[in-house]
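What follows is the residue order along each chain.
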Amino acid sequence: MTIASLCTGRKSSMAIESPAAPQRYEDSYLYRLRHSAAHLMAQAVTELYPGARLSIGPPIENGFYYDIDFPEPLREDDLAKIEAKMKELAKLDQRIERLEVSRDEAKGLILDSTIPGMGEAVSEYKLQLLDAIPEGDTISFYNQQRTDRAGTFHRFLDLCRGPHIDSTKEIKNFKLMSIAGAYWRGNVNNKQLTRIYGTAFETKEELEQYLHNLEEAKKRDHRILGKELGLYMFSPRVGTGLPLWLPKGATLRDVMVDFMKKEQIKRGYDPVVTPHIGNIKLYEKSGHILTYRDKMFPFMEDEEKETYILKPMNCPFHIEIYASQMRSYRDLPVRYAEFGTVHRYEQSGEVTGILRARGFTQDDAHLFVRPDQLLDEFIGVVDLMKTVLNKLGLTDFRARLGTKDPNDNKYVGHEDNWTAATQAIRDACAKMDLPYFESPGDAAFYGPKLDLIIKDALGRDWQMGTVQVDYNLPERFELEYTGEDSKPHRPIMIHRAPFGSLERMIGLLTEQYAGAFPFWLSPVQIAILPIADRHNEKAQELALQLREVIYDTRALRVTVDDRRETLGKKIRDNQLQRVPYMLILGDKDLENGTVGVRSREGDLGAMTLEAFLNQLPS
RNA sequence: GCCGACUUAGCUCAGCGGUAGAGCGCCCGCCUUGUAAGCGGAUGGUCAUCGGUUCGAUUCCGAUAGUCGGCUCCA
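Residues numbered from 1 in each chain as written. Chains lettered and ligands numbered in written order. Predicted model: local features only at pLDDT ≥ 70, side-chain atom pairs only at ≥ 80, totals over all residues. Heavy atoms only, no water.

Let us now look at the protein's contact with RNA strand B. If you check the shell around RNA strand B, you find 60 residues, and the closest are Q192, R356, A357, M464 and R564. The sugar-phosphate share of atoms of RNA strand B within 4 Å of the protein amounts to 52%. One nitrogen or oxygen atom from the side chain of E76 is found 3.2 Å from a sugar or linking oxygen belonging to RNA strand B. Mapped by element, the contributors of at least two residues to the surface near RNA strand B are β7 (173-183), β8 (192-201), α6 (222-228), β16 (359-369), β20 (461-470), α16 (567-576), α17 (587-592) and β29 (595-599). Counting residues per element, the surface near RNA strand B draws most heavily on α16, which supplies seven residues. When its residues are assigned to classes, the surface near RNA strand B shows 20 nonpolar, 16 polar and 24 charged. (Near = heavy atom within 4 Å. Polar contact = N/O pair within 3.5 Å; in protein donor to acceptor, adjacent residues only side chain to side chain. Helix = DSSP H or I, 4+ residues; strand = E, 2+ residues; numbered from the N terminus. Nonpolar A, V, L, I, M, F, W, Y, C, P; charged D, E, K, R; others polar.)

For soluble globular proteins, nonpolar side chains are generally found buried alongside one another. Ranked by internal contacts, the top residues of the largest apolar core, which has 77 residues, are L450, I526, I528 and L583. Considering every element that reaches this core, the biggest residue donor is helix α11 (residues 374-392), with ten residues. Counting residues in each nonpolar core, the second largest holds 35 residues, with L40, L89, L92 and I196 among its members. (Core = buried A, V, L, I, M, F, W, Y, C linked by side-chain atoms within 4.5 Å. Buried < 20%, exposed > 50% of the residue type's maximum accessible area, 1.4 Å probe, protein only.)

Looking now at unusual backbone geometry. Between G162 and the following residue, P163, the backbone shows a cis peptide bond with an omega angle of -5°. Looking at where P163 falls in the secondary structure, it is placed in the loop between β6 (153-159) and β7. Going from L332 to P333, the amide bond is cis rather than trans, its omega being 0°. If you trace the backbone, P333 turns up in the loop between α10 (315-323) and β15 (334-343). A positive phi angle is found at A514, which is not glycine, with a value near 50°. Within the element layout of this structure, A514 appears in the loop between α14 (502-512) and β24 (526-530). For A514, a relative accessible area of 24% corresponds to the partly exposed category.

Another aspect to go through is the pairing of strand β28 (residues 581-585). A large share of β28 lies buried, amounting to five of its five residues. Side chains of β28 alternate between two faces, with Y581, L583 and L585 and M582 and I584 buried alike. Sheet analysis places β24 next to β28, joined by five bridges and oriented parallel. Along β28, the bridge assignment pairs I526 with Y581. Taken together, the four bridges between β28 and β29 define a ladder with antiparallel strand orientation. Within β29, the residue paired with I584 across the bridge is G596. (Pairing = 2+ DSSP bridges.)

As a further point, take the packing of helix α7 (residues 247-266) against α14. Taken N-terminus to C-terminus, the directions of α7 and α14 make an angle of 110°; their axes are 11 Å apart at the nearest point. In this view, α7 runs roughly perpendicular relative to α14, as classed from their interaxial angle. In this structure, α7 uses L252, R253, M256 and V257 to contact α14, whose residues at the interface are L502, E503, M505, I506 and L509. For the contact of α7 with α14, the residue count by class is seven nonpolar, no polar and two charged. (Axes fitted to C-alpha atoms, helices over the stretch in contact; angles between N-to-C directions. Parallel < 35°, antiparallel > 145°, perpendicular 65-115°, else oblique. Contact = heavy atoms within 4.5 Å.)

In this section: the packing of aromatic side chains. By the definition in use, this model includes 17 aromatic pairs. Seen from their ring centres, Y49 and F70 are 5.3 Å apart, and the 90° between their planes marks the pair as edge-to-face. With a gap of 21 residues between them, Y49 in the loop between α1 (29-48) and β1 (53-56) and F70 in the loop between β3 (63-69) and α2 (78-91) connect regions that are remote in the sequence. Judged by its relative accessible area of 15%, Y49 is buried. Both rings, one in Y336 and one in F368, keep their centres 6.2 Å apart while their planes meet at 65°; by these two values the pair is edge-to-face. Pair noted here: Y336 is in strand β15 and F368 is in strand β16, with a separation of 32 residues, a long-range link. Each of the two residues, Y336 as well as F368, counts as buried. Grouping aromatic residues by their ring pairs yields a cluster made of F519, Y551, Y581 and F612. Residue placement shows R358 over the ring face of Y345; its charged tip is 3.9 Å from the ring centre. (Phe/Tyr/Trp six-rings, centres within 6.5 Å; stacked < 30°, edge-to-face > 60°. Lys NZ or Arg CZ within 6 Å of the ring centre and 35° of its normal.)

Our focus in this paragraph is the layout of surface pockets. Taken as a whole, the second largest pocket spans an internal volume of roughly 350 Å³. For the second largest pocket, the lining is made up of 22 residues, of which K261, V272, A337, E338 and F339 are closest to its centre. Taken together, the elements giving at least two residues each to the lining of the second largest pocket come down to α7, β11 (270-271) and β15. (1 Å grid on protein atoms, 1.4 Å probe; cavity = no way out; pocket = protein on both sides within 12 Å on 5 of 7 lines; lining within 4 Å. Points joined across faces, edges and corners; volume = space filled by probe spheres on them.)

This part covers the pattern of salt bridges. In this structure the tally under the stated criterion is 46 salt bridges. Between R195 and D67 there is a salt bridge; the shortest N-O distance is 2.7 Å. With R195 in strand β8 and D67 in strand β3, this residue pair connects regions lying 128 residues apart in the sequence. No difference in accessibility class separates R195 from D67, as the two residues are buried. The partner of E263 in a salt bridge is R267, and the shortest N-O contact between them spans 3.1 Å. Residue classification places R267 among the partly exposed positions, given a relative accessible area of 22%. Shared partners join several salt bridges into a network, and the residues in it are E61, R398, K455 and D461. (Salt bridge = Lys/Arg side-chain N within 4 Å of Asp/Glu carboxyl O.)

With that out of the way, let us pick up the packing of α11 against helix α12 (residues 415-432). Where α11 contacts α12, the two axes come as close as 9 Å, and the packing angle between them is 45°. Classified by the angle their axes make, α11 and α12 are oblique. As for how α11 packs across α12, the hand of that crossing is right-handed. From α11, L374, L375, F378, I379, V382, D383 and K386 reach across to α12, where they touch A421, A424, I425, D427, A428, K431 and M432. A breakdown of the residues in the contact of α11 with α12 according to their chemical character gives ten nonpolar, no polar and four charged. (Left-handed = near helix turned anticlockwise from the far one by under 90°.)

Structure, rendered in structure tokens:
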């Protein structure tokens, strides 16, 4: 696969989408418009900041950016100035022209300091980009120029594959959004450039709609809703990325755990429980110390000079359990499941609420299987994942098959194993009718994997559930089972976590449902609202009665709102808490033997308790 | 970790070189309520922390911490 575009550094362009979209974004006018807006911004920057060195500036999903090496640090306040300059340059109606040149001519242009956008200032980056263009490919530049009324000549030339729109005057509805640091070519060892993000649309209405949607999305942010709904909190006195689960959030977790345990029992999993810390030697043996050390919390040493670590993953412990006794081929597959809380010392800048915490709980399991069982077991896991997604009501996800990057040699294991495992995953997805896309380079170093990817409220991708085939750890720990031939054989391990982590999944669900969880998940399912305090006693009785009702695996979760507040106030507060049902209890109801039922959608009228229970979602 | 921004009462936020304000919440009264905020009162802040500039700093500058948007990385 060649580099997707000179101006497109997107990693995702490496991925092969399986269902072809009817009109690809890359072919749209909007895409060209945004690409041209990026050039316009670069032109404005070169005029405003003579020492600025340009590197790369592609359109992206919701706009565009340009990575620029500024002589002085750029501040957010500077964006207004750049925006104003862009407006001025756009109005000049500069024609955007493509020119195709030879490699030598290209080098000449890049080094020509008389051309704005070219010369010594940019050559550091542009020559590298030129070198990256494969031999034989067309090399193109885009030029825009015009003399303004005051007689000043404006010009901008950029090495670019294009395509672009015809004139800068088409760039009217844009906004510079933010600035950020970004490493040259995405490599931390390279220089950090200043990235300016912007967006552009064809019409003013679309731009305003987009900005409005962004505001709306912020209200669905799990960090805001988590606080409003009393799900979890963080305290700086506890530590960064270490969530404290409040009663309602803890209830939500329990419900999800119950659901998963039930599914796992059905599927022949056995529960295990392992400690939070363990001897470092185990992790040396597993190899995690080599690859994971900088993501671990500081080590602990006891009086006997033994070193312990806070576990960043559960697998070595489960392996110890497997290895604790002789295994027959008849015992396999062995499936050990644990809601394992792990701790990873994520870099401070990458902790994001509950979506990326430093302490989190995986719905983890490890399957030890024979080679001939690999496909069936993988199918079983994919089936479980589909069941989970379905139950959670998640439809907006993508499945990614992470395969080996053929140009990288970081992988361990025999080629035959890789091929077999990758094919097993493809076959399992095909059999289970799960659409996926393949992404070379996204495999674990020890084997291929299948990940579920979901977007959050702000459009960011998150890896959720995962299934990974592992030939490496069985090898390192010399795991065995006795085969039919009474000789030792090596099992294959499957690591899998259908939710991924409870934290991340609850965060995503919060955003997906904007806090209005499905009935079965809601921390409070029913709020009883006595109208006056003479109804409080009956309300408590009703609550006790409802708590006898088993729904799914647990008793109905019922509260009584007996605060000395008006009914309107109680309704409002419970509505804001997204309680699925309110049962209103007053004189009329006591007389008639009914309750006033109100769902999230509004008043459903008076009905008997039996009628209410019968209409609950099944 | 790196680049940029933010941090004022429990929460959401005004304010500003002369040591602070609103709404909601909490608490106390009154009201006893029929489908999205009843009324009144009271409480509540070393303006994140530590330094500097200044006659004087919550306000200006610097450092630190936390948070947010990115980069890198990841469940």
